[in-house]
Amino acid sequence: MLDFFTIFSKGGIVLWCFQGVNGPFSGTVNALIRSVILQERGGNNSFTHEALTLKYKLDNEFELLFVVGYQKILTLTYVDKFIDDIHMLFRDKYRNQLQQRGVLGLLNGSFDFLDDFQGILKDAEEHTRGKAPSVMKTFKQSDKSRKTVKSMIEIRGEKGKENKKSKKEAPVPEAPPAEKKPTVPLKTPVTMTVGDANQNGLTQEEIIQKNREEFFRKKLGKEKKENSSKSPKPSKQKLRRVWPLDCNNANSKELDYSEKLFNGQSSAVTNNGDDTSVDVNFYRGSMAGDLKTVDYESCEDEEEEEEEEEEEEEEEEDEAIVQKISNTSVKKGGIGGMFGMLRGLVGSKNLSPQVMAPVLDKMKDHLIAKNVAAEIALRLCESVEKKLEGKVMGTFSTVTSTVKQALQDSLVQILQPKRRVDILRDVLEAQKHKRPFIITFCGVNGVGKSTNLAKISFWLMENGFRVLIAACDTFRAGAVEQLRTHTRRLNALHPPEEHHGQSMVQLFEKGYGKDAAGIAMEAIAFSRNQSFDVVLVDTAGRMQDNTPLMTALAKLIAINMPDLVLFVGEALVGNEAVDQLVKFNQALADHSMAEKPRLIDGIVLTKFDTIDDKVGAAISMTYITGQPIVFVGTGQTYNDLRSLNAKAVVSALMKA
């Protein structure tokens, strides 16, 4: 039994609906639009929301959407064929009305479709009931009944005797008379004949092998002589550095042979040996306000170059199309050929899956080569196929350009989040309620959680917020010391003397081997008492298959209820990104005690400067979670933190 069936346009105008049960269904349809249609996830035509299963079909020619809903505990095998039949009948019946009247025609039009709908539904249900259940074969009809006990018993030795008998009974073929072959004189006479070989115990094959070895030995000897006759090239040797004898009295600048990077300094650390004294001018004021986007300076130039290349390719393709049309019109001749040419120019060709298949296969391989997970690349191509199926191509449009543009729009839509995470605004909102804003970082081992936590701390300090770092990684050796070093360096950049004696960043740690959830709870209570604005909780790196550590992470999040849970992942991963995010979300859902468990709210993408244009991990992570990429790590210094530029990432992804 169907709960509802509705037909509406992509603009949101409901043309016709059927309701099988009482109760509103607008919330379910809106969830389908928000989660699937707008997020370019239309590869699968099924969607589950609460207790209902929705099946939908897109009509790209008339911009319509057909949606049917039924209880998810039911197994209705006829739904797919039923929705196809309704789609075809509705199109054929109201084709003229859909083509000519436009939006006003849809608003004022009357679509009397109830009788046709009920007729197709009745036929589909009866056809399903009329199918006789498959009857199981009897034992006599099976192949097993033909086997007897005697045929299954094998006596040892019988099989070997039968083989010997068959060999004896088989007639031995007579050897054909040997033909006399003409003797060919050899340049190097063979010293050993077959008879001699038999006398010395060597077979003919061994003689051939021996002659080959001698031949290769002689050849290699000649090559060595030729190489030795050539004059050897002088090898470049590394020059030794000559140090002065009185190094103790020499100036430190004279002994500094490192490469100068900024203002005569080789790094942010000065030459006095203190790791906390940093170049203040290099960092101060560089991160105030909103973050810059990735490839902020070069993005526009690359886009312009790509647009020029695409225009040139499309012009060549268009010339080929016009040439092909003109050739066919010359062959046909007359008025029919002229009309055929004009019809080809205005673009009346509908896109079908068969036409798009070769292009989509190339696009899928291209995405996988750019580090997009294989499963995600397949889903994206299926979604583009559903989006373009039946659509009429425009003037001078080619299949490749149409599919590429649709895929590019889908990728931009995926990277643009459903909700915008504005941390600065949220911190100010938390200040009004006199509570700290809590961010928890989680992820697998070695992705850069602590380093990027320090970058985010510096960004928050640049915007005037006091930060407390909770060292909840009580497992990895050196984790607390790493955060302590970052805290010293950050306090050197923003000393307490410039902020009324208050330290802008402080570390809260309880050593190793303690309960991480308890340390986070104590840190949050300490931040309330000391008036800190933000608490950054650093957790231990863990693999997604480590059940005890995943349970501990879910416990930490469930007890402390952070405002933001950020997953830290590196941009180098491909298919592994899907497994990591799915299992992290699953673990948080399974081990949470709340009705609506806290899942991952955003992503921190690290090591973005090491991947060139293979930016597919951003697509994979965003597609799986549906959550935005909040921060992008682009280096090793504190100001190497950016926000994501969706168009720049997509242009790098689509670059050949």
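Quick caveat, the model's predicted, so the values are computed rather than measured.

The rules we used
- Residues numbered from 1 in each chain as written.
- Predicted model: local features only at pLDDT ≥ 70, side-chain atom pairs only at ≥ 80, totals over all residues.
- Heavy atoms only, no water.
- Helix = DSSP H or I, 4+ residues; strand = E, 2+ residues; numbered from the N terminus.
- Areas by Shrake-Rupley, 256 points an atom, 1.4 Å probe, with all protein chains shown as cover.
- Core = buried A, V, L, I, M, F, W, Y, C linked by side-chain atoms within 4.5 Å.
- Buried < 20%, exposed > 50% of the residue type's maximum accessible area, 1.4 Å probe, protein only.
- Contact = heavy atoms within 4.5 Å.
- Salt bridge = Lys/Arg side-chain N within 4 Å of Asp/Glu carboxyl O.
- Pairing = 2+ DSSP bridges.
- Phe/Tyr/Trp six-rings, centres within 6.5 Å; stacked < 30°, edge-to-face > 60°.
- Lys NZ or Arg CZ within 6 Å of the ring centre and 35° of its normal.
- Expected span 1.5 Å × (residues − 1).
- 1 Å grid on protein atoms, 1.4 Å probe; cavity = no way out; pocket = protein on both sides within 12 Å on 5 of 7 lines; lining within 4 Å.
- Points joined across faces, edges and corners; volume = space filled by probe spheres on them.
- Nonpolar A, V, L, I, M, F, W, Y, C, P; charged D, E, K, R; others polar.
- Axes fitted to C-alpha atoms, helices over the stretch in contact; angles between N-to-C directions.
- Polar contact = N/O pair within 3.5 Å; in protein donor to acceptor, adjacent residues only side chain to side chain.
- Left-handed = near helix turned anticlockwise from the far one by under 90°.
- Right-handed = clockwise from strand over helix to strand, strands pointing away.
- Parallel < 35°, antiparallel > 145°, perpendicular 65-115°, else oblique.

Asks: Can you help me understand the overall build of the protein in this one?
Replies: A tally of regular secondary structure across the protein gives 24 helices and 13 strands. For the protein, the exposed surface amounts to about 40,300 Å²; the carbon and sulfur share of it is 52%.

Asks: Would you mind going over the nonpolar core with me for this structure?
Replies: Membership of the largest hydrophobic core comes to 113 residues, with the highest contact counts inside it found for Ile423, Trp459, Leu460 and Phe631. In terms of residue count, helix H16 (residues 399–415) provides more of this core than any other element does, eight residues in total. Those residues in contact with Trp459, other than ones at most four positions away along the chain, are Met287, Gly289, Leu291, Ile423, Leu424, Phe631 and Leu641. Grouped together as the second largest cluster of nonpolar side chains are 28 residues, Ile7, Phe90, Leu106 and Ala124 included.

Asks: For this particular structure, what's the right way to read the pattern of salt bridges?
Replies: Oppositely charged side chains can form a pair if their charged atoms are brought close together. Scanning the entire structure with this criterion turns up 21 salt bridges. Note that Asp92 is salt-bridged to Arg95, the shortest N-O span being 3.6 Å. Judged by relative accessible area, which is 47%, Asp92 ranks as partly exposed. Accessibility expressed as a relative area gives 26% for Arg95, which makes it partly exposed. One salt bridge in this structure joins Arg476 and Asp473, with 3.5 Å as the shortest N-O distance. Several salt bridges share partner residues, and in doing so they unite Asp59, Glu61, Arg91, Asp92 and Arg95 into one network.

Asks: Just checking my understanding: could you explain the sheet that holds strand E13 (residues 641–642) for this structure?
Replies: Two modes of strand pairing occur in sheets, parallel and antiparallel, and in both the strands are linked by backbone hydrogen bonds. Taken in spatial order, the eight strands of this open sheet run E8-E7-E9-E6-E10-E11-E12-E13, and their pairing is mixed. The open sheet has two edge strands with one neighbour each: strand E8 (505–508) and E13.

Asks: When you look at the packing of aromatic side chains in this model, what are you seeing that I'm missing?
Replies: Ring pairs (aromatic) are described by centroid distance and by the angle formed between their planes. Summed over all chains, the structure comprises 19 aromatic pairs. Ring pairs connect the aromatic residues Phe5, Trp16, Phe18, Phe66, Tyr78, Phe82, Phe90, Tyr94, Phe111, Phe113 and Phe117, which therefore count as one cluster. We note Arg466 situated over the ring of Phe532; from NZ or CZ to the ring centre the distance is 4.1 Å.

Asks: Help me understand helix H18 (residues 449–462), please; the structure alone is not making it clear to me.
Replies: Because an α-helix packs 3.6 residues into every turn, residues spaced three or four apart end up facing the same way. Taking 1.5 Å per residue, 14 residues should reach 20 Å; H18 reaches 20 Å between its end C-alpha atoms and fits that length. Most of H18 sits inside the fold, with 13 of its 14 residues counted as buried. Just beyond H18, the residue with positive phi is Gly464, at close to 85°.

Asks: Just checking my understanding: could you explain empty space enclosed by the protein for this structure?
Replies: To find leftover empty space, one rolls a probe the size of a water molecule over the atoms. If you walk through the whole model with that rule in mind, you get one cavity of 30 Å³ or more. Put simply, the largest cavity is a space of about 30 Å³. Contributing to the lining of the largest cavity are Gln39, Arg41, Ile414, Gln416, Pro417, Lys418, Thr622, Gly626, Gln627 and Pro628. Partitioning the lining of the largest cavity into residue classes produces three nonpolar, five polar and two charged.

Asks: I'm lost on the sheet that holds strand E3 (residues 46–49) in this one. Help?
Replies: One open sheet accounts for five strands, arranged E2-E1-E5-E4-E3; its pairing is antiparallel. Edge positions in the sheet fall to strand E2 (14–19) and E3, since each of these pairs with one other strand and no more. Within the sheet, the average angular offset between the axes of one strand and its neighbour, ignoring direction, is 20°. Bridge count between strand E1 (residues 4–9) and E2: five bridges; the pairing is antiparallel.

Asks: What is the right way to look at the environment of Ala477 in this model?
Replies: For Ala477, the location among the structural elements is in the loop between strand E7 (467–472) and helix H19 (479–493). Among the residues examined, Ala477 registers a relative accessible area of 71% and is labelled exposed. When the C-alpha atoms of Ala477 and Tyr512 are compared, they prove to be 8.2 Å apart, with 35 residues separating the residues in sequence.

Asks: Any chance you could explain the environment of Thr539 here in plain terms?
Replies: Mapped onto the secondary structure, Thr539 falls in strand E9 (residues 534–539). In this structure Thr539 comes out as buried when scored by relative accessible area, which is 2%. Separated by 2.4 Å, the side chain of Thr539 and the backbone oxygen of Phe441 make a polar contact.

Asks: Is there a simple way to think about the side chain of Glu570 in this case?
Replies: With respect to the helices, strands and loops of the structure, Glu570 is situated in strand E10 (residues 564–570). Its relative accessible area of 18% is what places Glu570 among the buried residues. For Glu570, the side chain forms a polar contact with the side chain of Lys607, separated by 2.8 Å. Ignoring anything within four residues of it in the chain, the contact list for Glu570 reads Gly446, Val447, Leu605, Thr606, Lys607, Ala617 and Met621.

Asks: In this structure, what is going on with the packing of helix H15 (residues 374–388) against H16? I would like to understand it.
Replies: The axes of two packed helices give the description: the angle between them and the distance between them. Two numbers describe how H15 lies on H16: the axes approach to 10 Å, and their chain directions differ by 120°. Of the two possible hands of crossing, H15 and H16 adopt the one that is right-handed. Packed against H15, whose contacting residues are Leu380, Val384, Lys387 and Leu388, the element H16 presents Thr402, Val403, Ala406, Leu407, Asp409, Ser410, Leu411 and Ile414 at the interface.

Asks: Is there a simple way to think about unusual backbone geometry in this case?
Replies: Note: most residues except glycine have negative phi, and most peptide bonds are trans. For Asn371, which is not glycine, the phi torsion reads 85° and is therefore positive. Inspection of the secondary structure puts Asn371 in the loop between helix H14 (353–369) and H15. For Ser531, which is not glycine, the phi torsion reads 60° and is therefore positive. The residue Ser531 is located in the loop between helix H20 (516–530) and E9 in this model.

Asks: Would you mind showing me how to read the pairing of strand E12 (residues 629–633) here?
Replies: A regular strand places its side chains on the two faces of the sheet in alternate fashion. The buried count for E12 comes to five of five residues, which makes it a mostly enclosed element. Direction of pairing for strand E11 (residues 602–606) relative to E12: parallel, over a ladder of three bridges. Note that in E12 the partner of Val604 across the bridge is Phe631. Taken together, E11, helix H23 (residues 616–625) and E12 constitute a β-α-β crossover, and its handedness is right-handed. With two bridges joining them, E12 and E13 adopt antiparallel strand pairing. The partner of Val632 across the bridge, within E13, is Arg642.

Asks: In this structure, what is going on with the packing of helix H22 (residues 576–590) against H23? I would like to understand it.
Replies: It is at 9 Å that the axes of H22 and H23 come closest, and there the two elements cross at 30°. In terms of axis orientation, H22 runs roughly parallel to H23. In this structure, H22 crosses over H23, and the sense of that crossing is right-handed. Residues Ala577, Val578, Leu581, Val582 and Asn585 of H22 form the contact with H23, whose own contacting residues are Ser620, Met621, Ile624 and Thr625. A class-by-class count of the residues in the contact of H22 with H23 yields six nonpolar, three polar and no charged.

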